[in-house]
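Chain by chain, the residues run as shown.
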Amino acid sequence: MYMAHIMFRREIGLAPALIRGVADNDVTRATVIADHLQIVDNGLHHHHSAEDKHLWPRLLERDTARAQTIVAVMEEQHAGIDQLLDAARSGLAQWRTTADATQGEALAATMSLLSDRLAEHLAAEEDLALPLLSQHITAAEWGQMIADSAGDVIPEQMPLIFGMMAYEADPDTVKDIIAQMPPEVSGIIGDLAAQAFAAHAQQVYGTATPARVGARGEVTP
C-alpha cells in the first residue's frame, strides 16, 4: 500500500511541471506525457475501486463503531478525487492532440489540485484507515484487493508499474514482495522492473532518476 501511495504522490505531484514544460504545439512531447499520465490514472482508478469493493464494506461489517466515520471520509475523498480525475481526463484528451499552451495550463492547474487532494487523502488513509485494516482484513482479502487493483493492466506494462512502485520503496520490502511471486516471475522481475522504469523515466523526465517524494510527498532531487 505504501509503495503504491508513494508512486501516486510522486507521479501526480510531478505532473504539473511536466505539462507546463511542453512547448506550445509540441504534440509529440505532449503525447509522451499524456501516455504516461494515462498509465498513472489507470492505476489510481483501479486502486481506489478495489478499496471501495474489498476494504470499506468489510471494515464496516467488522468494526462498525470505529469504522463508520473513517469509511465515510474515505468514500467522500474518493468521490472528490474521481471528479478531479474526470476533469483531468477531459483536459488531457484535448491537450494531447494540440499541445495548446492555454489548454496545458488549465490541465496543469487541475493536476495540481488533484495532487493536493490526493496527498490529503493518502495521509488520512495511512493514519486512520490502515491501522483498522491491519486488524480486520485477512491476508486473502488483501490479496483480492491487490489483484483487483491491477485492473486491466496489460502484461507488458507490469514490469514498468512494479518499477514505478519499487523506485522509492525499501529494498527489503521489495525483496519480500518478489519472493512471494511465482518462480518464473520472481527470478527476473526485479531487474526487468528497474530497467523498465529507468527507460520510461528517461523518456518522460529526461533522467532515469526523477525526483523522489518520500513517504509524505516531500520532493527531493
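Nothing here was measured: the structure is a model prediction, and the numbers come from that model.

Caption draft 1: Spatial organisation of the packing of aromatic side chains. In the structure shown here, the tally under the stated rule is 1 aromatic pair. Taken together, a centroid distance of 4.8 Å and an interplanar angle of 50° make the contact between Y167 and F197 tilted. Of this pair, Y167 sits in the loop between helix 8 (158-166) and helix 9 (171-179) while F197 sits in helix 11 (residues 189-205), and the two are 30 residues apart along the sequence. Taken individually, Y167 and F197 each receive the classification buried, so the pair is uniform in this respect.

Caption draft 2: Highlighting the layout of surface pockets. Roughly 1,000 Å³ of internal volume is contained in the largest pocket. Lining the largest pocket are 29 residues, and of these I146, F162, M165, I177 and M181 sit closest to its centre. Elements with a contribution of two residues or more to the lining of the largest pocket: helix 1 (2-13), helix 3 (27-54), helix 7 (139-149), helix 8 and helix 9. Top contributing element to the lining of the largest pocket by residue count: helix 7, with 6 residues. When grouped by side-chain class, the residues that make up the lining of the largest pocket number 23 nonpolar, 6 polar and no charged.

Caption draft 3: Local environment of the side chain of E168. With respect to the helices and strands, the residue E168 is situated in the loop between helix 8 and helix 9. Residue classification places E168 among the buried positions, given a relative accessible area of 18%. Side chain to side chain, E168 and R10 meet in a polar contact 2.9 Å long. If sequence neighbours within four positions are ignored, E168 has contacts with I6, R10, R212, V213 and G214.

Caption draft 4: Structural detail: the side chain of T110. Mapped onto the fold, T110 is located in helix 6 (residues 101-136). On the basis of relative accessible area, T110 is assigned to the buried category, the value being 19%.

Caption draft 5: Region of the structure containing the environment of A67. With respect to the helices, strands and loops of the structure, A67 is situated in helix 5 (residues 64-98). Expressed as a C-alpha distance, the spacing of A67 and E11, which sit 56 residues apart in the sequence, is 30 Å.

Caption draft 6: The arrangement of the packing of helix 1 against helix 8 in detail. Where helix 1 contacts helix 8, the two axes come as close as 7 Å, and the packing angle between them is 90°. One way to sum up the angle between helix 1 and helix 8 is to call them roughly perpendicular. Across from M3, A4, M7 and R10 in helix 1, the residues of helix 8 making contact are I161, F162, M164, M165 and A166. A class-by-class count of the residues in the contact of helix 1 with helix 8 yields 8 nonpolar, no polar and 1 charged.

The rules behind the values
- Residues numbered from 1 in each chain as written.
- Predicted model: local features only at pLDDT ≥ 70, side-chain atom pairs only at ≥ 80, totals over all residues.
- Heavy atoms only, no water.
- Phe/Tyr/Trp six-rings, centres within 6.5 Å; stacked < 30°, edge-to-face > 60°.
- Helix = DSSP H or I, 4+ residues; strand = E, 2+ residues; numbered from the N terminus.
- Buried < 20%, exposed > 50% of the residue type's maximum accessible area, 1.4 Å probe, protein only.
- 1 Å grid on protein atoms, 1.4 Å probe; cavity = no way out; pocket = protein on both sides within 12 Å on 5 of 7 lines; lining within 4 Å.
- Points joined across faces, edges and corners; volume = space filled by probe spheres on them.
- Nonpolar A, V, L, I, M, F, W, Y, C, P; charged D, E, K, R; others polar.
- Polar contact = N/O pair within 3.5 Å; in protein donor to acceptor, adjacent residues only side chain to side chain.
- Contact = heavy atoms within 4.5 Å.
- Axes fitted to C-alpha atoms, helices over the stretch in contact; angles between N-to-C directions.
- Parallel < 35°, antiparallel > 145°, perpendicular 65-115°, else oblique.

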